[in-house]
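A structural walkthrough
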Amino acid sequence: MMTVVAVLPSGALLPESILHADSFKILATFVALNTLMYATLAVLKVLPKGYSLSWFSGFNRRAQNRSIHPEGHRHPAGDGCETSSRSPRSRPSAT
């Protein structure tokens, strides 16, 4: 069996003089930083959100309840809000 070994010069795609130019080094640095930035953004997008406001229990709370329902929202009987125990599929007959 015969093994073929290909020897390529160090600048296979571009001439070596371009690879060592300062402008190419600046471009390579920009591409590297841009890649790191987008990789960081992609990882942050995958992670679950952390809500920093929930870390502080009393932060941004009102001293008084300013709701139109000061004791909490309760449905009075007969207001059209049905809270009976019948199944959601059963419907009253239309007569």
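Above this text you will find the structure in question.
This structure is a prediction, so every number in the text was calculated from the model and none was measured. Counting of residues starts from 1 at the beginning of each chain's written sequence and follows it residue by residue. Selection of residues for local features in this predicted model requires a pLDDT of at least 70, selection of side-chain atom pairs for listing and counting requires 80 or more, and totals for whole chains, interfaces and linings are taken over all residues. Excluded from the side-chain calculation are hydrogens and water; included are all heavy atoms of the structure.

What follows deals with the overall build of the protein chain. Helix and strand definitions here come from DSSP, where helices need a minimum of 4 consecutive H or I residues and strands a minimum of 2 consecutive E residues; each element is numbered from the N-terminal end. When helices and strands are counted, the protein chain shows two helices and zero strands. Each residue is placed in one exposure class: buried if its accessible area under a 1.4 Å probe, protein chains only, is under 20% of its type's maximum, exposed if it is over 50%, and partly exposed if it falls in between. Looking at the protein chain as a whole, 1% of its 95 residues qualify as buried. When the accessible area of the protein chain is evaluated, it comes to approximately 10000 Å², of which 62% is carbon and sulfur surface. Only the protein chains shown count as covering a residue, and every accessible area follows the Shrake-Rupley method with a 1.4 Å probe.

Nonpolar side chains (Val, Leu, Ile, Met, Phe, Trp, Tyr) are joined into patches within 5 Å and like charges within 9 Å, using only residues with over 30% relative accessible area and no salt bridge. Any carboxyl oxygen of Asp or Glu within 4 Å of a side-chain nitrogen of Lys or Arg constitutes a salt bridge here. On the surface, a cluster of nonpolar side chains totalling about 620 Å² of accessible area is made up of Met37, Tyr38, Leu41, Val43, Leu44 and Leu47. Residue classification places leucine 41 among the partly exposed residues on the basis of a relative accessible area of 47%.

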